[in-house]
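Chain residues, written in single-letter form:
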Amino acid sequence: DVKHIIAKTSRKLDFERSYSRNDIVQYEWELNAAGYNHHYWYGFGAFDLDAAINYASSYISTLGTFTNYGWVYSTEDDGSNLNLVIPSFSLREDTISYNPSSDNNFVEFIQVVIYLDKDTPRDIGLSLVSPQGTEINILQPFTNVSGNPNGNWFVIGVSGFYGENIKGDWDLKIVDYTNNEDSGILVNWGMN
């Protein structure tokens, strides 16, 4: 409930804080399909104490019971790993269908797990697209990631889909930003 009040009443700041590379936005303010603003640097924005107190004074929780829907992984039809080849300087996509049997499908937070085999992982950027069409960059390229992560899963936390519906197809976009003939493999990925 506290997180909901903060998300509902926070205000955007530093409106111009954005960055693009190769005409692809890496971060900026995003308005998701549920009407919440979120930024890679600032989360939901600056805390507005007066607005939060005012909203909380008449707030009645309708969020329901917290539910952990569990992990869903992308696999081939036979259950084997995805092993999606990521050629140098390319965009690849994969989809996971998430269909929990719950009436409460309000997204609070998402974990994305990646199993990547790539000699130069810093060339890779990742974004996640919700069933409602909101696209959020979850890993920027050219970070300090070094060394092939092969054999290790890594988890990325994502708050920007707050309030959206979890049911439906979630698309992972994988972009290799460098033309250096270093192909990679997305061995598998999943979300919770």
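The text that follows walks through the structure, step by step, so that each part is easy to find. Keep in mind that what you see is a predicted model, and the values were worked out from it rather than measured. (Residues numbered from 1 in each chain as written. Predicted model: local features only at pLDDT ≥ 70, side-chain atom pairs only at ≥ 80, totals over all residues. Heavy atoms only, no water.)

### Here's the deal with the packing of helix H1 (residues 2-9) against helix H2 (residues 49-57)
Turning to step 1, where the next piece is worked out: Contact geometry of H1 with H2 gives a least axis separation of 9 Å together with a crossing angle of 125°. The angle between H1 and H2 falls in the class oblique. In this structure, the crossing between H1 and H2 has a hand that is right-handed. Across from His4, Ile5, Lys8 and Thr9 in H1, the residues of H2 making contact are Ala51, Ala52, Tyr55 and Ala56. (Axes fitted to C-alpha atoms, helices over the stretch in contact; angles between N-to-C directions. Helix = DSSP H or I, 4+ residues; strand = E, 2+ residues; numbered from the N terminus. Parallel < 35°, antiparallel > 145°, perpendicular 65-115°, else oblique. Left-handed = near helix turned anticlockwise from the far one by under 90°. Contact = heavy atoms within 4.5 Å.)

### Remarks on the pattern of salt bridges
Turning to step 1, where the next piece is worked out: Applying the stated rule across the entire model yields six salt bridges.
Turning to step 2, where the next piece is worked out: Note that glutamate 108 and lysine 3 form a salt bridge whose closest N and O atoms lie 3.8 Å from each other. Highlighted residues: glutamate 108 in the loop between strand S7 (91-98) and strand S8 (110-117) and lysine 3 in helix H1, separated in sequence by 105 residues.
Turning to step 3, where the next piece is worked out: A residue is classified by how much of its surface remains accessible, and glutamate 108, at 32% relative accessible area, is partly exposed.
Turning to step 4, where the next piece is worked out: The exposure class of lysine 3 is partly exposed, given its relative accessible area of 27%.
Turning to step 5, where the next piece is worked out: Arginine 17 is the salt-bridge partner of aspartate 14, the closest N and O atoms lying 3.0 Å from each other. (Salt bridge = Lys/Arg side-chain N within 4 Å of Asp/Glu carboxyl O. Buried < 20%, exposed > 50% of the residue type's maximum accessible area, 1.4 Å probe, protein only.)

### Looking at a nonpolar patch on the surface
Turning to step 1, where the next piece is worked out: Taken together, the side chains of Trp71, Tyr73, Trp153 and Val155 present a nonpolar region at the surface, about 400 Å² in accessible area.
Turning to step 2, where the next piece is worked out: Structurally, tryptophan 153 can be placed in strand S11 (residues 153-158).
Turning to step 3, where the next piece is worked out: According to the relative accessible area criterion, tryptophan 153 is partly exposed, its value standing at 40%. (Patch = residues over 30% accessible without salt bridge, like charges linked within 9 Å, V, L, I, M, F, W, Y side chains within 5 Å. Areas by Shrake-Rupley, 256 points an atom, 1.4 Å probe, with all protein chains shown as cover.)

### Digging into the sheet that holds S7
Turning to step 1, where the next piece is worked out: With antiparallel pairing, four strands are arranged side by side in an open sheet as S7-S12-S9-S10. In the strand order of this sheet, the two ends are held by S7 and strand S10 (135-139), each with one partner. Ignoring which end each strand starts from, the neighbouring axes of this sheet average 25° apart. (Pairing = 2+ DSSP bridges.)

### Looking at the packing of aromatic side chains
Turning to step 1, where the next piece is worked out: Going through the model one piece at a time under the given rule, you end up with 15 aromatic pairs.
Turning to step 2, where the next piece is worked out: With a centroid separation of 6.0 Å and an interplanar angle of 15°, the aromatic rings of tryptophan 71 and tyrosine 73 are classed as stacked.
Turning to step 3, where the next piece is worked out: Taking the relative accessible area as the measure of exposure, tyrosine 73 reaches 41% and is therefore partly exposed.
Turning to step 4, where the next piece is worked out: Connected via pairs of aromatic rings, a cluster forms that spans Tyr19, Tyr27, Trp29, Tyr40, Trp41 and Tyr42. (Phe/Tyr/Trp six-rings, centres within 6.5 Å; stacked < 30°, edge-to-face > 60°.)

### Concerning the environment of valine 187
Turning to step 1, where the next piece is worked out: Along the chain, the position of valine 187 falls in strand S13 (residues 184-191).
Turning to step 2, where the next piece is worked out: Distance from valine 187 to valine 25, taken between C-alpha atoms, is 26 Å for residues 162 residues apart in sequence.
Turning to step 3, where the next piece is worked out: The residues touching valine 187, leaving out its near neighbours within four places in the chain, are Asn81, Leu82, Asn83, Tyr115 and Asp117.

### So, the nonpolar core
Turning to step 1, where the next piece is worked out: Counting 26 residues, the largest nonpolar core has Ile110, Ile114, Leu126, Ile138, Trp170, Leu186 and Trp189 as the members making the most contacts within it.
Turning to step 2, where the next piece is worked out: Listed by contribution, the elements that provide at least two residues to this core are strand S6 (84-86), S7, S8, strand S9 (124-129), S10, S11, strand S12 (168-176) and S13.
Turning to step 3, where the next piece is worked out: With four residues, S8 is the single largest residue contributor to this core. (Core = buried A, V, L, I, M, F, W, Y, C linked by side-chain atoms within 4.5 Å.)

### Regarding the environment of aspartate 48
Turning to step 1, where the next piece is worked out: Looking at where aspartate 48 falls in the secondary structure, it is placed in the loop between strand S4 (37-38) and H2.
Turning to step 2, where the next piece is worked out: A relative accessible area of 23% places aspartate 48 in the partly exposed class.
Turning to step 3, where the next piece is worked out: Separated by 23 residues in sequence, aspartate 48 and valine 25 place their C-alpha atoms 28 Å apart.
Turning to step 4, where the next piece is worked out: For aspartate 48, the side chain forms a polar contact with the main-chain nitrogen of alanine 51, separated by 3.1 Å. (Polar contact = N/O pair within 3.5 Å; in protein donor to acceptor, adjacent residues only side chain to side chain.)

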